[in-house]
Protein chains: 2
Amino acid sequence: MHLFEKTIGSEPVFDGKIIKVKKDRAELENGEIVNRELVIHPGGVCIVPLTDQGEILMVKQFRYPFQTVLTELPAGKLEFGEDHREAGLRELKEETGAECEKFEYLGVCYPSVAYLSEKIHMYLATGLSFDKQHLDEDEFLDVIKVKIEDAVEMVMNNELPDAKTQCAILKAARILGIK
Amino acid sequence: MHLFEKTIGSEPVFDGKIIKVKKDRAELENGEIVNRELVIHPGGVCIVPLTDQGEILMVKQFRYPFQTVLTELPAGKLEFGEDHREAGLRELKEETGAECEKFEYLGVCYPSVAYLSEKIHMYLATGLSFDKQHLDEDEFLDVIKVKIEDAVEMVMNNELPDAKTQCAILKAARILGIK
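Thresholds, definitions, all that
Per chain, residues are indexed from 1 in the order of the written sequence. The naming scheme follows written order: chains are lettered A onward, ligands numbered 1 onward. The predicted nature of this model means local features are confined to residues of pLDDT at least 70 and side-chain atom pairs, given and counted, to a pLDDT of 80 or more, with totals for whole chains, interfaces and linings taken over all residues. By definition, any uninterrupted DSSP run of H or I lasting at least four residues is a helix, any uninterrupted run of E lasting at least two residues is a strand, and each is numbered from the N terminus. Around each residue's C-beta, the other C-beta atoms within 10 Å are counted; 20 or more make the residue buried, 12 or fewer make it exposed, and counts in between make it partly exposed. All C-beta atoms are placed from the backbone. The contact criterion used here is simple: two residues whose C-beta atoms, placed from the backbone, lie within 7 Å are in contact. What sets the superposition is a least-squares fit of C-alpha atoms, and only residues with pLDDT of at least 70 in both copies go into it. Side-chain classes follow a simple rule in which Ala, Val, Leu, Ile, Met, Phe, Trp, Tyr, Cys and Pro form the nonpolar group, Asp, Glu, Lys and Arg form the charged group, and the remainder, Gly included, forms the polar group. Strand pairing requires that DSSP identify at least two bridges connecting the strands. Where helices are involved, their axes are fitted lines through C-alpha atoms of the stretch in contact, as for all axes, and angles between N-to-C directions lie from 0 to 180°. Each angle gets one of four labels, with under 35 degrees taken as roughly parallel, over 145 as roughly antiparallel, 65 to 115 as roughly perpendicular, and the rest as oblique. Working rule for handedness: look at the near helix, and if it is turned counterclockwise from the far one by less than a right angle, call the crossing left-handed; if clockwise, right-handed. For the domain bounds, the source is a domain assignment made automatically or taken from a database. Each nonpolar core consists of buried Ala, Val, Leu, Ile, Met, Phe, Trp, Tyr and Cys residues. Their C-beta atoms, within 7 Å, join them into a set.

All right, on to the overall build of chain A then. Each helix and strand in chain A was counted, giving three helices and 12 strands. Viewed in the frame of its principal axes, chain A has a C-alpha envelope of about 60 × 40 × 30 Å. Sorting the 179 residues of chain A into buried and exposed places 40% on the buried side. In chain A, the share of contacts with a sequence separation of at least 24, taken over all contacts with a separation of at least 6, comes to 60%.

As structure tokens, this is what we get:
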């Protein structure tokens, strides 16, 4: 069948806390057999928390693969099978202390489609009210506020490399008519 | 040091053709020791190929982790150390048959910052001329043309889940002033 690949074998090679890795074998439409490396991840959720003053809350945290601090939207990993809306509301509260009146779905993005099963759901949170941040014991991050116009400029100027942050800010900006 | 994590151990757990996986141990700022699962990837490049008629070339291909055909921008993996501009021009030619007069950098996105080292560089290609597609032997994909306004709508309507495709189309649309 055109463009289809048929799995003919699958070997688990790593079973971690965050990811599982498998090495599959698949048959292509021309009959050729190829290896497919596959990273299984439960998926995540990120939030554009927009204050009544037109500011986005973002978080700064150390990102191990890049050995540096990155500025991103608040986000978190789903438990396997967890509802992404509930997870998004929880992460928003934990990381920024915010609750919201409106929680609007912005769609999903698949970070790296060739070998990674992760899906990141995106939300726009408005009507924010604030309580205390409740981070996990081993979680360290700083919350900052950035005007949404400035956040869009930061995306365009390549100052926010995180992909989910770029997608969700640019989508929210289009919906809100930000120049 | 605030937000910093110090690596204190690293164990390779998988050495594949596309990815390598390591299980590191890191010390947090409070002295706690945590595991860090890490997927190493050489990075990639994607291209927004815009015709003189205002159409974007996209590719449809089977994406193994989702067991379905996705529509995306032309893209490819870098060899370790390869220049992303050269790789982008090569992938554009291979996947769509196009060469371009102008190849404008749109910035980089990091697909999944918590555990994945991949960086995807993005380009806008204009002044296109066409020759023949030159796919790898085990590569199957169909090229389609979509008006840039329609491609933006497809991103906003959640019809293009691939993250790099969303980022690059929305960035290009802002630069080009697409409503």
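Rotating chain B by 180° and moving it 0.0 Å along the rotation axis overlays it on chain A with an RMSD of 0.0 Å. On the angle and the small slide along the axis, the relation comes out as a two-fold axis.

Tallying the contact residues gives 55 residues for chain B and 55 residues for chain A. Breaking the side of chain B that touches chain A down by element, the ones donating at least two residues are strand E1 (6–15), strand E2 (20–27), strand E3 (33–40), strand E5 (55–63), strand E6 (68–72), strand E9 (102–109) and helix H3 (163–176) of chain B. Tallied by class, the residues present in the side of chain B that touches chain A amount to 32 nonpolar, eight polar and 15 charged.

By the element assignment, Arg 90 of chain B lies in helix H1 (residues 84–96). Through-space distance from the C-alpha of Arg 90 of chain B to that of Ala 75 of chain B is 9.7 Å; in sequence the pair is 15 residues apart.

Now for the sheet that holds E3 of chain B. Residue and element names in this part refer to chain B. As summarised here, the arrangement of the three strands in space is E1-E2-E3, forming an open sheet in which the pairing is antiparallel. For this open sheet the edge positions go to E1 and E3, each flanked by a neighbour on one side alone. The sheet shows a mean angle of 20° between the axes of neighbouring strands, direction not considered. Two strands pair when backbone bridges link them, and E2 and E3 are joined in this way by eight bridges, in the antiparallel orientation. Along E3, the bridge assignment pairs Ala 26 with Val 34.

Attention shifts here to the packing of helix H2 (residues 148–156) of chain B against H3 of chain B. All names here are of chain B. At a minimum axis distance of 10 Å, the contact between H2 and H3 shows a crossing angle of 130°. Relative to H3, the element H2 is oriented oblique. Helix-helix and strand crossings are classified by hand; for H2 and H3 the assignment is left-handed. The segment H2 lies against H3, with Ile 148, Ala 151, Val 152 and Val 155 engaging Gln 166, Ile 169, Leu 170 and Ala 173. Here the contact of H2 with H3 is built from residues that sort into seven nonpolar, one polar and no charged.

Time to look at the domain arrangement of chain A. Here the domain parsing of chain A yields domain 1 (6–40) and domain 2 (44–176). Domain 1 of chain A and domain 2 of chain A are separated by 31 Å when their C-alpha centres are compared.

Residues and elements named next belong to chain A. Across the sheet, which stays open at both edges, the four strands sit in the order E7-E4-E10-E9 with mixed pairing between neighbours. The two strands at the open ends of the sheet, each matched to only one other strand, are strand E7 (75–77) and strand E9 (102–109). Direction aside, neighbouring strands of the sheet carry axes that sit 20° apart on average. The strands touched by helix H1 (residues 84–96) within the sheet are strand E4 (44–49), E7, E9 and strand E10 (120–126), with E4 carrying the most contacts at an inclination of about 55°.

As a further point, take the nonpolar core. If you look at the biggest cluster of nonpolar residues, it comprises 88 residues, and the most contacted ones within it are Val 48 of chain A together with Val 48 and Ala 125 of chain B. When residues no more than four places from it in sequence are discounted, the contact partners of Val 48 of chain B are Ile 56, Leu 73, Leu 124, Ala 125, Ala 168, Ile 169 and Ala 172 of chain B.

Residues and elements named next belong to chain A. Residue Leu 3 is not a glycine yet carries a positive backbone phi of 70°. With respect to the helices and strands, the residue Leu 3 is situated in the segment before strand E1 (6–15). On the basis of neighbour count, Leu 3 is assigned to the partly exposed category, with 15 C-beta atoms found within 10 Å. If you check the backbone angles, Asn 158 has positive phi at about 70° while not being a glycine. Residue position: Asn 158 is located in the loop between helix H2 (148–156) and helix H3 (163–176).

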